[in-house]
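Here are the chains, one letter per residue:
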Amino acid sequence: MRTTYQYKLKPNKEQVATIELWLDLLRRQYNYRLGERFSWWEENRCQVNACPLVMPIPQLRNNPDYYSQKRIWSIPKTNFGNIN
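Note that the structure is a prediction, hence the values are computed from the model and not measured.

Examining the overall build of the chain
Here is step 1: Broken down by element type, the chain carries three helices and zero strands.
Here is step 2: For the chain, the N- to C-terminal ordering of α and β elements is α-α-α.
Here is step 3: Looking at the chain as a whole, 10% of its 84 residues qualify as buried.
Here is step 4: Carbon and sulfur atoms form 58% of the exposed surface of the chain, whose accessible area is close to 8300 Å².

Focus on the confidence of the model for the chain
Reading fine detail from the predicted coordinates is not recommended where pLDDT is low.
Here is step 1: Across the chain, the average pLDDT comes to 76, with 63% of residues at or above 70.
Here is step 2: Within the chain, helix 3 (residues 74-80) has the poorest average pLDDT of any element, 59, and helix 1 (residues 13-44) the best, 89.

Some thoughts on the pattern of salt bridges
Here is step 1: Using the criterion set out here, one finds three salt bridges in the structure.
Here is step 2: Salt-bridge contacts for arginine 27 lead to aspartate 24; the nearest nitrogen and oxygen are separated by 2.3 Å. With arginine 27 and aspartate 24 both in helix 1 and three residues apart, the pair spans about one turn of that helix.
Here is step 3: Here arginine 27 falls in the partly exposed class, since its relative accessible area comes to 45%.
Here is step 4: Of the charged contacts, one joins aspartate 24 and arginine 28 as a salt bridge, the two residues approaching to 3.3 Å between their closest N and O atoms.

Considering a nonpolar patch on the surface
Here is step 1: Residues Ile19, Leu23 and Leu26 make up a contiguous nonpolar surface patch of roughly 270 Å² in combined accessible area.
Here is step 2: Mapped onto the elements, leucine 26 comes out in helix 1.
Here is step 3: On the basis of relative accessibility, which here comes to 46%, the residue leucine 26 falls in the partly exposed class.

Some remarks on helix 1
Every α-helix carries 3.6 residues per turn, so stepping three or four residues along brings you back to the same face.
Here is step 1: In this model helix 1 runs 47 Å from its N-terminal to its C-terminal C-alpha over 32 residues, within 8% of the 46 Å that 1.5 Å per residue would give.
Here is step 2: Structurally, the start of helix 1 carries an N-cap: the backbone nitrogen of glutamate 14 is 3.2 Å from a side-chain oxygen of asparagine 12.

Cut-off values and rules
Residues numbered from 1 in each chain as written. Predicted model: local features only at pLDDT ≥ 70, side-chain atom pairs only at ≥ 80, totals over all residues. Heavy atoms only, no water. Helix = DSSP H or I, 4+ residues; strand = E, 2+ residues; numbered from the N terminus. Buried < 20%, exposed > 50% of the residue type's maximum accessible area, 1.4 Å probe, protein only. Areas by Shrake-Rupley, 256 points an atom, 1.4 Å probe, with all protein chains shown as cover. pLDDT = per-residue confidence, 0-100. Salt bridge = Lys/Arg side-chain N within 4 Å of Asp/Glu carboxyl O. Patch = residues over 30% accessible without salt bridge, like charges linked within 9 Å, V, L, I, M, F, W, Y side chains within 5 Å. Expected span 1.5 Å × (residues − 1). Polar contact = N/O pair within 3.5 Å; in protein donor to acceptor, adjacent residues only side chain to side chain.

Here it is as structure tokens:
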């Protein structure tokens, strides 16, 4: 018994170009946001057994979460190209 349908897309060349542009934009956006999270982790981590007992505590950046990244979603779009 089939419970779902599968549809095959057959886009023309213009649609393929648009889809590839969108996928490239999304890939760059994802990598940029992932890089933000990794850099936050590198700046704010300290090994438990290797930290000195007395250490000045640097000002921590805010942890990039979904909502903070969503707020600035439109900023990197301008850096990654035009999505006409």
